[in-house]
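Coordinate inspection notes
Here are the chains, one letter per residue:
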Amino acid sequence: MMNEPSPAAVYQSLLQEHAVSLAVLQKRRTRYGWARLLLVLTTIVLAYVFLTSEEALSGCAIIIGGTVAFLLLLNRDIKNNASIAHTTLLIHINEEELKILQHHFKQRESGSAYQELLHPYADDLDILGPASLYQYVNRCHTGQGKRLLAANLLAALPLHSLKHRQEAAKELAPMIAWRQEFAAYAQQTPITPATQERVHDWLKNDDANFEARGWQWLVPVYSAITILSAGAAALGFIPASVFSFLFFIYFITGSLLGKQAVRMHSNLTRIAPEMSTLTHLLRSFEEQTFLSPHLQLLQQQGKPGKGPAWHQLGSLKSILGRFDLRLNAFLFIFLNSFLLWDVRQARSLNAWKKLNRPLVAHWFAALAETEVIISIATLHFNQPGWAFPQVAATYCELRGTGIGHPLLHETVRVSSDFSIRGRGRIALVTGSNMAGKSTFLRSLGVNLVLAQMGAPVCAASFHFSPMQLMSSMRIADDLSENTSTFYAELKKLKSIIEAVHTGAPLFILLDEILRGTNSHDRHAGSKALIAQLIRDSTVAVLATHDLSLAEWSGVDEQSIENYHFDV
């Protein structure tokens, strides 16, 4: 059986395919431009010839035909330009993936906006910020997706969700074209949390305007009266002066009622482009057939009784489009005066709100979850040698083969086997400077973070039990609080000890603790901390230069396992 093409080969092939498509589209745009110019010139010349030869009817027909043809060409050109923009985004996506495969990802969005002060492990393990795990994994383009991904990196997912995420990611991994189309749509007009908040504020506002039952018959009756009066005036049954007075009344009535409707419209009209993007994304997601129960559930959660979510969003977009006819002042005067146009659209908005109010939050949540799954699926596709971890039910178990740091390129990455089982266990790692002790600790931590969000890990195999990760590895002073490095480390260790006392299942990473004091105090403090962790049945991996700790017999020998990194 032939080997599967590498991820780089797939992306390179897609890149070439989209480049060819882009060249065709750009040539077509040039042809459309020349065609429009030629059409305009031809129409002008022929219209002039016929109009000056007293064939006015033919001249008018040529002008009308030329105008229609011009609009048709313009519409095709607009669609072609949209295809050019979309194809350009697809090219960028594949170029970006090729860079990431070479571990050139530090130019990407860092996720620093989601950093939490005094987080248990994020700063030590480079979860967010420059050269971070977030930069490497993130394929989200909506604000909701980015925020959810950061949250999943900062806190473990519930156990029952891990398997669902894994299955969904495995299904999406080979669906490269669909994933990239989804990402390209998401980048056109990115959906922000501000958009969601604005929609939610509008949904929460119980606007009673035009909700009374009487409006149901008042609007059509009013429209019938105004249209009949206009027809009567046209047929000569009503004098022009009387109809002018009636039209003035109609105009004032429509304008006064329209003021109440405009307030509803102004809250939504600014987000119309983002709602269009949301419609595209939900349609792409809901029309796809999935086998994963998690993806199927996401498809079903946001479906109202009257069709799929994207169809409902399309209805909202249509209502907003009809509202926007007010931008054509001449047309709008007649529509609002004779048909109460604003009132009709306000009532349509109210009806849409009643039907979809409970579902909108599901749409945004489903979109965010889908983007996170796409991020995991892309990681799985890019790194086929990485393993999806297996979950052990009891605390504590963490074992794996070929465990490496995912943010290091495979050409420089050093992988290790590791296993720790049972409560009250300490893995003591000794070795010289630059032997890889800190990198090994970070490899364990970062892979546990990936495992507990449902992602594959940088290992040949990986088994773990769900547990809260804490670390003390990278301590810095704080001038704003007049805090020394040593005191900052004591505060971090204090938070770890407090967490230990809660009895929660913890996995603790400690790198050269108490480095800010003398060797005697550091040795005594380290022994005291290790003894306390063992007494409280906590699991930890501790890297140290203090070789005497490896020979310490002050605790049960079975509680401490010694590891050594040699240069």
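Let me sum up the structure you'll find in this document. (Residues numbered from 1 in each chain as written. Predicted model: local features only at pLDDT ≥ 70, side-chain atom pairs only at ≥ 80, totals over all residues. Heavy atoms only, no water.)

**Overview of the overall build of the protein chain**
Within the protein chain one finds 19 helices and nine strands. Computed over its C-alpha atoms, the radius of gyration of the protein chain comes to 33 Å, more than 25% above the 24 Å expected for a compact globule of 567 residues. Structurally, the protein chain occupies a C-alpha span of about 115 × 55 × 50 Å along its principal axes. Counting the 567 residues in the protein chain, one finds 47% classified as buried. Put simply, of all contacts in the protein chain between residues at least 6 apart along the chain, 78% involve residues at least 24 apart. Accessible area for the protein chain stands at about 28,000 Å²; split by element, carbon and sulfur atoms hold 60% of it. (Helix = DSSP H or I, 4+ residues; strand = E, 2+ residues; numbered from the N terminus. Rg over C-alpha atoms; globule rule 2.2 N^0.38 Å. Buried < 20%, exposed > 50% of the residue type's maximum accessible area, 1.4 Å probe, protein only. Contact = heavy atoms within 4.5 Å. Areas by Shrake-Rupley, 256 points an atom, 1.4 Å probe, with all protein chains shown as cover.)

**Concerning the sheet that holds strand 7 (residues 506-511)**
Strand-to-strand pairing in sheets goes through backbone hydrogen bonds, with the strands running parallel or antiparallel. If you walk across this open sheet you meet the five strands as 6-7-8-4-9, and the pairing is parallel. On the outer flanks of this sheet lie strand 6 (468-472) and strand 9 (560-565), each paired with one strand and no other. If you compare each strand with its neighbour and ignore which way they point, the axes differ by 15° on average. As defined by bridge partners, strand 7 adjoins strand 8 (residues 539-544) across five bridges and the pair is classed as parallel. Counterpart to isoleucine 508 in the pairing with strand 8 is alanine 540. On the sheet, helix 18 (residues 485-501) packs against strand 6 and strand 7 and is oriented at approximately 155° with respect to strand 6. (Pairing = 2+ DSSP bridges. Axes fitted to C-alpha atoms, helices over the stretch in contact; angles between N-to-C directions.)

**Some thoughts on the sheet that holds strand 1 (residues 390-391)**
Taken together, four strands build an open sheet; the order of strands is 1-5-2-3 and the sheet is mixed. The open sheet has two free edges, formed respectively by strand 1 and strand 3 (416-421), since each of these has just one partner strand. Of the strand pairs in this sheet, strand 1 and strand 5 (residues 461-464) are connected by two bridges, and their pairing is parallel. Pairing of glutamine 390 across the sheet is with histidine 463, part of strand 5.

**Let's talk about the packing of aromatic side chains**
Under the definition given, this model contains 18 aromatic pairs. An angle of 80° between the planes, with centres 5.7 Å apart, marks the rings of tryptophan 178 and phenylalanine 290 as edge-to-face. With tryptophan 178 in helix 7 (residues 176-188) and phenylalanine 290 in the loop between helix 11 (272-286) and helix 12 (293-301), the pair connects residues that are 112 residues apart, well separated along the chain. Residue classification places tryptophan 178 among the buried positions, given a relative accessible area of 11%. Here phenylalanine 290 falls in the buried class, since its relative accessible area comes to 3%. Each ring, one from phenylalanine 334 and one from phenylalanine 338, has its centre 6.2 Å from the other, and the planes form 0°; the classification is stacked. (Phe/Tyr/Trp six-rings, centres within 6.5 Å; stacked < 30°, edge-to-face > 60°.)

**Here we look at helix 7**
Residues that lie three or four places apart on an α-helix share one face, since the helix turns once every 3.6 residues. Along its 13 residues, helix 7 runs 19 Å from first to last C-alpha, staying within 8% of the 18 Å computed at 1.5 Å per residue. Inspection of helix 7 places Ile176, Trp178, Arg179, Gln180, Phe182, Ala183, Ala184 and Ala186 among the buried residues, and these make up the whole buried set. For helix 7, the secondary structure elements touched by its buried residues are helix 1 (7-52), helix 2 (56-101), helix 6 (159-172), helix 11 and helix 16 (360-382). (Expected span 1.5 Å × (residues − 1).)

**Observations regarding the nonpolar core**
Ile127 and Phe507 are the most contacted members of the largest nonpolar core, which totals 120 residues. Element by element, the count of residues in this core is highest for helix 16, at twelve residues. Ignoring any residue separated from it by four or fewer positions in sequence, one finds phenylalanine 507 in contact with Leu398, Ile420, Leu444, Leu448, Met467, Gln468, Leu469, Met470, Val539 and Val541. (Core = buried A, V, L, I, M, F, W, Y, C linked by side-chain atoms within 4.5 Å.)

**Description of helix 6**
With 14 residues, helix 6 extends 21 Å between its outermost C-alpha atoms, agreeing within 8% with the 20 Å of an ideal straight helix rising 1.5 Å per residue. Within the span of helix 6, buried status applies to Ser161, Leu162, Arg165, Gln166, Ala168, Ala169, Glu171 and Leu172.

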